[in-house]
Amino acid sequence: MDTYIRTTAFLSRVAGVAAAFLIGGAVLVICDMVIERYIFNLTTIWQIDVVTYAIVGATFVGSSYVLMTRGHVNVEILPLHAGPRTRYWLAVSTAVLAIAFCVVLWVVCTQYWFQAYSEGWKSNTVWRARLWIPYLSMPVGLGLLVLQYIAEFLALVTGRAHPFGLAPAADAERFAREQAQAALGDAP
């Protein structure tokens, strides 16, 4: 089980790096588009498509990294006010629901990608990009997200991780104090 969790964490880190490169590439393409359009007065054919596909691809591909690092928006109101046992079962139930939702989304997106691939879909723009290429980020990213959710679930049920990343003794007041100290540093 530790091997699965470590391998999934490695894949999520690789996906996070790939997502960062996609965002960086999108920024460079936007710079190219601005230079071509406003300095050289040229038309831009492919840049908007590439930027859109890169940002959407980064969102899907980077989702497992965001889950692994707990970088998503989190509201801990319920877990903080619940006891350790309730917090655990709340974490288990939300993990199962999240895995089920992501598996369904992965199946639907994989079918959508395959349809784009098998039918040779192309974009409606002048560039006429083959859509299966950018659409591939959906099943790949969601597949990695499912794997990471399963790793998170396994870590939770085997005691390798605390529910919601909160220590068993965490309560709302202590958590708020720690967050404030982290935000303010050593300020009085």
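Thresholds applied
Residues numbered from 1 in each chain as written. Predicted model: local features only at pLDDT ≥ 70, side-chain atom pairs only at ≥ 80, totals over all residues. Heavy atoms only, no water. Core = buried A, V, L, I, M, F, W, Y, C linked by side-chain atoms within 4.5 Å. Buried < 20%, exposed > 50% of the residue type's maximum accessible area, 1.4 Å probe, protein only. Helix = DSSP H or I, 4+ residues; strand = E, 2+ residues; numbered from the N terminus. Contact = heavy atoms within 4.5 Å. Salt bridge = Lys/Arg side-chain N within 4 Å of Asp/Glu carboxyl O.

This next bit is on the nonpolar core. Nonpolar side chains tend to gather and get buried jointly when the protein is soluble and globular. Counting residues in hydrophobic clusters, the biggest one holds eleven residues: Leu-67, Cys-102, Cys-109, Trp-113, Ala-116, Leu-131, Tyr-135, Met-138, Leu-142, Leu-145 and Val-146. Secondary structure elements with two or more residues in this core: helix H5 (84–118) and helix H7 (137–157). With near-sequence residues (within four places) excluded, Leu-131 lies in contact with Tyr-53, Trp-121, Lys-122 and Ser-123.

Scanning the model with the defined rule gives two salt bridges in all. Here Arg-160 makes a salt bridge to Asp-2, at a shortest N to O gap of 2.6 Å. You can see Arg-160 sitting in the loop between H7 and helix H8 (172–184) and its partner Asp-2 sitting in helix H1 (residues 2–39), a full 158 residues away along the chain. Look at Asp-2 and you get partly exposed, because its relative accessible area is 38%. Among the ionic pairs, Arg-70 bridges to Glu-152, the shortest N-O distance being 3.9 Å. With Arg-70 in the loop between helix H3 (63–68) and helix H4 (77–81) and Glu-152 in helix H7, this pair connects stretches of sequence that are 82 residues apart. Using a relative accessible area of 36% as the deciding quantity, one classes Arg-70 as partly exposed.

Function cannot be inferred from these measures alone, as they are strictly geometric.
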